[in-house]
Amino acid sequence: MSTTTSSVVEAARAALADVIALPEGALPCRWCGVACTREQAAAVAEPIVLERAGYIGTRFVPEVLQQTVLCGACAAVEAEVRPTMIRHLIAGSQADRVASVLHALDALGGPAVTFTDDADALALLEAIPGAHAVSFAVGAKAGTCSARRFAHVDPLAIRSLRESVARWMRARLETPVPIAPPADGDRRGCVFCGVGTVVALPSKAGQVWTEVYVSASALGAGNGASGAIDGHTCPACTVAIASTDGPGVAALQAAVLRFVGYERRSLTPPTIQGLRGWALVEGARPSRTPWQHVDLAGLRRSLASFEGGAS
Ligand SMILES: [Zn+2]
Ligand SMILES: [Zn+2]
């Protein structure tokens, strides 16, 4: 962007943002920026540090502060911070984030938000990471205030906050659905267990399946087998891969043992002879439940006798 364009944009934003000179005898509200006389203000707020103390050469320059207040409306929002935290067991260290989010919702014109539970309230804190940006203290200039409540906030920031809140609202209305792996793999099922879909929230669809590129021998085809499979693993098999040293026979064993609920009681887990990843089973369709290409009943029986022999 050229200097001219950027200064035009800056000027346009400044015009839209509507920051005006502070009237005589008034102070800006620390959150919404409106000018209040001490009589109109509901409370005194923390001053804004416009410039930090420091040295210019050898000359000490003290910090430059802008005193602020809380207007009645922003004081009412602040009064909601503690009840919100107590209702939703949010820790004390989160007080600033809760305050920022409540003020941001106020800046958006107060969309009515009722939390269903703790997770819901915490999800909103996560969903609006930039909420603090609505504070008049951010980027404030000496002797100025907002023409109207939150008029100083960049309209682009307001738009992005509005989108974040809308996304959060949509996400909490979601219901989990079966999600198939992306179509770009060689087979459309978990290359390990063969499950065809995993139930998850549509907004998390991109995080459900993990892409893998695995050799046929690592899928249990035996040493000397050639070829490789380009595909995906389901969350359970991905965990098994992470708990071993990458996609391979050890991960396959760990995944199926975990699926049948095998609790390791001896140091050496049993070795399942001839175990193969689903992707090696010629013509097999993805299944509704994992490991349908394996004789699970036989496996459970042999595990029971293995434990009987080991103890
Ligand atoms: Zn205010
Ligand atoms: Zn799987």
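Since this is a predicted model, take the numbers as computed values, not measurements.

Focus on the overall build of the protein chain
- Per the secondary structure count, the protein chain includes 10 helices and 12 strands.
- The globule rule puts the C-alpha radius of gyration for 311 residues at 19 Å, and the 30 Å found for the protein chain is more than 25% above it.
- With respect to the three principal axes, the spread of C-alpha positions in the protein chain is 90 × 50 × 45 Å.
- Burial status across the protein chain gives 28% buried among its 311 residues.
- When contacts within the protein chain are restricted to residue pairs at least 6 apart in sequence, those whose partners lie at least 24 apart make up 66%.

Focus on the environment of Arg-300
- Secondary-structure assignment places Arg-300 in helix 10 (residues 296-310).
- Residue classification places Arg-300 among the exposed residues on the basis of 12 C-beta atoms within 10 Å.
- Along the primary structure Arg-300 and Tyr-262 are separated by 38 residues, whereas in three dimensions their C-alpha atoms are 8.5 Å apart.

Comments concerning the domain arrangement of the protein chain
- Split by domain assignment, the protein chain resolves into domain 1 (3-172) and domain 2 (177-310).
- On a C-alpha basis, the centres of domain 1 and domain 2 stand 50 Å from each other.

Some points on the nonpolar core
- If you look at the biggest cluster of nonpolar residues, it comprises 35 residues, and the most contacted ones within it are Cys-29 and Cys-71.
- When residues of this core are assigned to their parent elements, the largest contribution, 7 residues, is made by helix 3 (residues 95-107).
- Among all residues touching Cys-71, those that are not within four sequence positions of it are Cys-29, Cys-32, Val-34, Cys-36, Ala-41 and Ala-42.
- Grouped together as the second largest cluster of nonpolar side chains are 27 residues, Val-195, Trp-209, Ala-251 and Val-256 included.

A look at helix 3
- The terminal C-alpha atoms of helix 3 lie 18 Å apart, and with 13 residues this matches the ideal 18 Å at 1.5 Å per residue to within 8%.
- Most of helix 3 sits out of view: 11 of its 13 residues are buried.
- Among the residues making up helix 3, those that are buried are Arg-97, Val-98, Ala-99, Ser-100, Val-101, Leu-102, His-103, Ala-104, Leu-105, Asp-106 and Ala-107.
- Of the surrounding elements, those touching the buried residues of helix 3 are helix 2 (72-87), helix 4 (118-127) and helix 5 (155-172).

Notes on the packing of helix 8 (residues 235-243) against helix 9 (residues 249-259)
- Running from N to C, helix 8 and helix 9 cross one another at 130°; their axes reach a closest spacing of 8 Å. The angle between helix 8 and helix 9 places the two elements in the oblique class. Seen along the crossing, helix 8 lies across helix 9 with a hand that is right-handed. Residues Ala-236, Cys-237, Ala-240, Ile-241 and Ser-243 of helix 8 form the contact with helix 9, whose own contacting residues are Ala-251, Ala-254, Ala-255, Arg-258 and Phe-259.
- For the contact of helix 8 with helix 9, a count of residues per class yields 8 nonpolar, 1 polar and 1 charged.

Observations regarding the environment of Glu-78
- Locating Glu-78 in the fold gives a position in helix 2.
- For the pair Glu-78 and Val-19, spaced 59 residues apart in the sequence, the C-alpha separation amounts to 23 Å.
- Setting aside its immediate chain neighbours within four residues, Glu-78 contacts Leu-70 and Ala-99.

Some thoughts on the packing of helix 4 against helix 5
- Direction vectors running N to C along helix 4 and helix 5 enclose 145°, while the axes themselves pass 9 Å from each other. The handedness of the crossing between helix 4 and helix 5 comes out as right-handed. For the pair helix 4 and helix 5, contact is made by Asp-120, Ala-123, Leu-124 and Ala-127 and by Ser-164, Arg-167, Trp-168 and Arg-172, respectively.
- Grouping the amino acids of the contact of helix 4 with helix 5 by side-chain chemistry returns 4 nonpolar, 1 polar and 3 charged.

With respect to unusual backbone geometry
- Look at Phe-150: it is not a glycine, yet its phi comes out positive at around 60°.
- Even without glycine at this site, Trp-291 takes up a positive phi of about 60°.
- The exposure class assigned to Trp-291 is buried, which follows from the 21 C-beta atoms found within 10 Å.

Notes on the environment of Tyr-213
- Along the chain, the position of Tyr-213 falls in strand 11 (residues 210-215).
- On the basis of neighbour counts, which here come to 13 C-beta atoms within 10 Å, the residue Tyr-213 falls in the partly exposed class.
- When the C-alpha positions of Tyr-213 and Pro-290 are compared, they lie 20 Å apart, and in sequence the two are 77 residues distant.
- Non-local contacts of Tyr-213, meaning those with residues more than four positions away in its chain, are made with Ala-228 and Asp-230.

Definitions and limits used
Residues numbered from 1 in each chain as written. Chains lettered and ligands numbered in written order. Predicted model: local features only at pLDDT ≥ 70, side-chain atom pairs only at ≥ 80, totals over all residues. Helix = DSSP H or I, 4+ residues; strand = E, 2+ residues; numbered from the N terminus. Rg over C-alpha atoms; globule rule 2.2 N^0.38 Å. Buried ≥ 20, exposed ≤ 12 C-beta atoms within 10 Å, placed from the backbone. Contact = placed C-beta atoms within 7 Å. Domains from an automatic or database assignment. Core = buried A, V, L, I, M, F, W, Y, C linked by C-beta atoms within 7 Å. Expected span 1.5 Å × (residues − 1). Axes fitted to C-alpha atoms, helices over the stretch in contact; angles between N-to-C directions. Parallel < 35°, antiparallel > 145°, perpendicular 65-115°, else oblique. Left-handed = near helix turned anticlockwise from the far one by under 90°. Nonpolar A, V, L, I, M, F, W, Y, C, P; charged D, E, K, R; others polar.

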